[in-house]
Amino acid sequence: MSANHLDREQKLDLYYWMRLTRTFDDAMLALWKQGRGVGGTFSQRGHEAISVAAGYALAPEDVAAPMHRDLGCYLVRGLSPRRIFANLLGRETGVTRGRDANLHGLGDLSLNLIGFVSHLPQSLGVALGVAMSFRYRGEPRVALTFTGDGASSAGLFHEVLNMASVYNAPLVVIVENNQYAYSTPLYQQMKVPDIALRAQGYGIPGVIVDGNDVEAMYSVTKEAVERARGGGGPTLIEAKTMRMLGHAIHDGAEYVPRELLAAWEAKDPIRCYEARLLAEGIADREELDEIGRRCEIEIEDAIAFAEASPWPDPATVAEGVYAP
Ligand SMILES: Cc1ncc(C[n+]2csc(CCOP(=O)(O)OP(=O)(O)O)c2C)c(N)n1
Ligand SMILES: [Mg+2]
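Please read these numbers as outputs of a predicted model, since none were measured by experiment.

(A) Inspection of the coordination of the magnesium ion (ligand 2) at higher detail. Here the magnesium ion (ligand 2) is held by the protein donor atoms D149 (OD), N178 (OD1) and Y180 (O), which lie 2.0 to 2.1 Å from it. Of note, the donors binding the magnesium ion (ligand 2) are all from one chain and are spaced D-x28-N-x1-Y. Taken together, the residues D149 in the loop between strand 2 (143–148) and helix 6 (155–166) and Y180 in strand 4 (residues 180–181) connect sequence positions 31 residues apart. Looking at D149, the relative accessible area reads 1%, which means it is buried.

What follows is the structure in structure tokens.
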């Protein structure tokens, strides 16, 4: 049986984590529209298969450095919806104790999760540092990180992949090619159609995968993770998907052609996986609905917990910083 094989329980797990991510996202956007949010927030719609499968392909001892579309990875790796919602609502019980009310800063080193610092693509340099530390210490562990199509045109992307290649670092870089960087379409910021082509310039594997197909995503990520663990060096994975809503909550994305969105809507990662699970007899409609209900209950509980949580005490503002 191949290392990438998924049994029934694992398939239903992937479905559950994607549904939980979508339920969280829908509830978050609704809260913001009701004026109950704090700060800005980024929709995850369309990215669920990528972030969930990547998180699922890692071993607990591996390290993930997710970005702003990777709520699914944070959830799969063990950050509870309660702590994330409390963070979004700026409460003391959130991951950053009210310091950063966003999908940023969700790091928890006890879960081998590095918080996202917002500047793009800085997570790549951090993840490379983590991977190099594993190499120096001879630990069979892997660092995995994510970046966007836009961020992949920034200088650090090149420096990280080149250095990772030269030093054979156990690093996996996933580019979430969602066709847009803010309002800039891909073709206006690079002249090659596939970001994975860039891997050739570093002498490492560059893999293109359908980012809306959770099992394909799991398979290529798992393969890259195990290659890195076995001393085979880094892999660049380009996951093709579509950002189905605006860049962030404030952005109506009027600049995105409606036909493009309609074409991708038909490839919705969760609905497509549902159809597959049903067709393969992995689950029936009732079981999938039951998973959906579980997700609703968890997210309702997380919101209630976050809204009932205290605001941070201003007297503690200097805690958790290096130079108070
Ligand atoms: C250095 C830096 N410049 C600008 C920004 C503001 N910014 C945040 S996300 C973003 C677009 C990123 O596009 P992409 O890399 O394609 O990721 P996506 O949001 O589409 O997932 C920009 C310009 C930033 N966070 N960091
Ligand atoms: Mg993008």
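What follows picks up the thread again.
(B) How the structure looks around the environment of G129. By the secondary structure assignment, G129 is in helix 5 (residues 122–137). With 14 residues separating them along the chain, G129 and A143 place their C-alpha atoms 9.0 Å apart.

(C) Main features of the site of ligand 1. The environment of ligand 1 is formed by 15 residues, the closest being H68, R69, S118, A151 and Y180. Take R69: an N or O atom from its side chain is 2.9 Å from an oxygen atom of ligand 1. Out of a free accessible area of 570 Å², ligand 1 has 72% covered by protein chains. Considered class by class, the residues forming the shell around ligand 1 number 6 nonpolar, 7 polar and 2 charged.

(D) Region of interest: the sheet that holds strand 1 (residues 63–65). With respect to topology, 5 strands assemble into an open sheet ordered 1-2-3-7-6, the strand pairing being parallel. Every interior strand has two partners, whereas the edge strands, strand 1 and strand 6 (206–210), have only one. Between one strand axis and the next, the sheet turns by 20° as a mean value, whatever way the strands run. Contacting strand 2, strand 3 (171–177), strand 6 and strand 7 (235–240), helix 7 (residues 214–229) crosses the sheet at an angle of about 170° to strand 7.

(E) Region of the structure containing the side chain of D149. Comment: no salt bridge for buried D149; closest opposite-charge side chain is R243, at 7.6 Å. Among the polar contacts made by the side chain of D149, one reaches the main-chain amide nitrogen of N178 at a distance of 3.2 Å. Residues contacting D149, with those up to four places away along its chain left out, are V175, E176, N177, N178, Q179, Y180, A181, L186, Q189 and I195.

(F) Region of interest: the nonpolar core. Counting residues in hydrophobic clusters, the biggest one holds 67 residues, and the most contacted among them are I84, F85 and I174. Here the element with the most residues in this core is helix 1 (residues 8–33); it accounts for 13 residues. Ignoring sequence-local partners within four residues, the contact set of I84 consists of F24, L71, Y74, L75, L79, L103 and L106. Grouped together as the second largest cluster of nonpolar side chains are 26 residues, L161, A169, I195 and A199 included.

(G) Region of the structure containing the packing of helix 1 against helix 9 (residues 269–279). Relative orientation of the contacting elements helix 1 and helix 9 amounts to 150°, with a least axis distance of 10 Å. Judged by the inter-axis angle, helix 1 sits roughly antiparallel to helix 9. You can see that helix 1 and helix 9 cross each other, and the crossing is left-handed. For the pair formed by helix 1 and helix 9, the contact residues are K11, L12, L14, Y15, M18, R19 and R22 on the first element and P269, I270, Y273, E274 and L277 on the second.

(H) Just the pairing of strand 7, in detail. Burial analysis of strand 7 places 6 of its 6 residues in the buried class, which makes it a mostly covered element. Side chains T235, I237 and A239 project from strand 7 onto one buried face, and the interleaved L236, E238 and K240 project onto a second face that is buried too. Pairing between strand 3 and strand 7: 6 bridges, direction parallel. Each residue of the ladder has a partner; that of V173, found in strand 7, is L236. Pairing analysis gives 5 bridges linking strand 6 to strand 7, with the strands arranged parallel. Bridge pairing in strand 7 links V209 to A239. In this region the chain leaves strand 6, passes through helix 7 and returns to the parallel neighbour strand 7; the handedness of that crossover is right-handed.

(I) Spotlight on unusual backbone geometry. With an omega of -10°, the peptide bond running from L120 to P121 counts as cis. With respect to the secondary-structure elements, P121 resides in the loop between helix 4 (81–88) and helix 5. Of note, R97 is a non-glycine position whose phi angle comes to about 55°, a positive value. Among the residues examined, R97 registers a relative accessible area of 28% and is labelled partly exposed. Positive phi, close to 85°, is recorded for S118, a residue that is not glycine. Within the element layout of this structure, S118 appears in the loop between helix 4 and helix 5. On the accessibility criterion, S118 (29% relative accessible area) is partly exposed.

(J) Representation of the pattern of salt bridges in the model. Applying the stated criterion across every chain, the model contains 27 salt bridges. Two residues, E280 and K11, come together in a salt bridge whose shortest N-O distance is 3.4 Å. Pair noted here: E280 is in the loop between helix 9 and helix 10 (285–308) and K11 is in helix 1, with a separation of 269 residues, a long-range link. We classify E280 as partly exposed; its relative accessible area is 41%. Relative accessible area serves as the criterion here: at 12%, K11 is assigned to the buried category. The shortest N-O distance in the salt bridge between E139 and R141 comes to 3.0 Å. Under the relative-accessibility criterion, E139 is labelled partly exposed at 26%. Since its relative accessible area comes to 19%, R141 is described here as buried. Connected through shared salt-bridge partners, K11, D213, E215, R276 and E280 make up one network.

Cut-offs used in this document
Each residue is numbered by its place in its chain's sequence as written, counting from 1. Key to labels: chains lettered from A, ligands numbered from 1, both in the order written. The predicted nature of this model means local features are confined to residues of pLDDT at least 70 and side-chain atom pairs, given and counted, to a pLDDT of 80 or more, with totals for whole chains, interfaces and linings taken over all residues. The side-chain figures draw on all heavy atoms in the structure; neither hydrogens nor water molecules are used. Here a donor is any nitrogen, oxygen or sulfur atom (N, O, S) within 2.8 Å of the metal, with 3.2 Å used for Na, K and Ca; water is not among the atoms considered, so some sites may look incomplete. Helical segments are the DSSP runs of H or I of at least four residues, strand segments are the runs of E of at least two, and each set is numbered from the N terminus. When accessible area is computed with a 1.4 Å probe and restricted to protein chains, residues below 20% of their type maximum are described as buried, those above 50% as exposed, and intermediate ones as partly exposed. Throughout, the term near means that a residue has one or more heavy atoms lying within 4 Å of the molecule or strand in question. Distance and chemistry together define a polar contact, namely a pair of N or O atoms within 3.5 Å, with one atom able to donate a hydrogen and the other to accept it when in protein, and with adjacent residues in sequence counting only for side-chain atoms on both sides. Note on areas: Shrake-Rupley, 1.4 Å probe, and residue coverage restricted to the protein chains presented here. Asp, Glu, Lys and Arg are counted as charged, while Ala, Val, Leu, Ile, Met, Phe, Trp, Tyr, Cys and Pro are counted as nonpolar; the rest, among them Gly, fall into the polar class. When DSSP finds two or more bridges between two strands, those strands count as paired. Structural elements are reduced to axes, namely lines fitted to C-alpha atoms, with helices fitted over the stretch in contact, and the angle between N-to-C directions of any two is expressed from 0 to 180 degrees. Note on definitions: a residue-residue contact is assigned when non-hydrogen atoms from the two residues lie within 4.5 Å. The charged-residue count follows a simple rule in which Lys and Arg add positive charge and Asp and Glu add negative charge, with His and chain termini not counted at all. Any Lys or Arg side-chain nitrogen located within 4 Å of an Asp or Glu carboxyl oxygen qualifies as a salt bridge. Residue types Ala, Val, Leu, Ile, Met, Phe, Trp, Tyr and Cys, when buried and joined through side-chain atoms within 4.5 Å, form a set referred to as a nonpolar core. By the definition adopted for this analysis, an angle is roughly parallel if under 35 degrees, roughly antiparallel if over 145, roughly perpendicular if from 65 to 115, and oblique otherwise. By convention, the crossing between two helices is left-handed when the near helix turns anticlockwise from the far helix through less than a right angle, and right-handed when the turn is clockwise. Convention used here: a crossover is right-handed provided that the path from the first strand, over the helix, to the second strand proceeds clockwise when the strands point away from the viewer.

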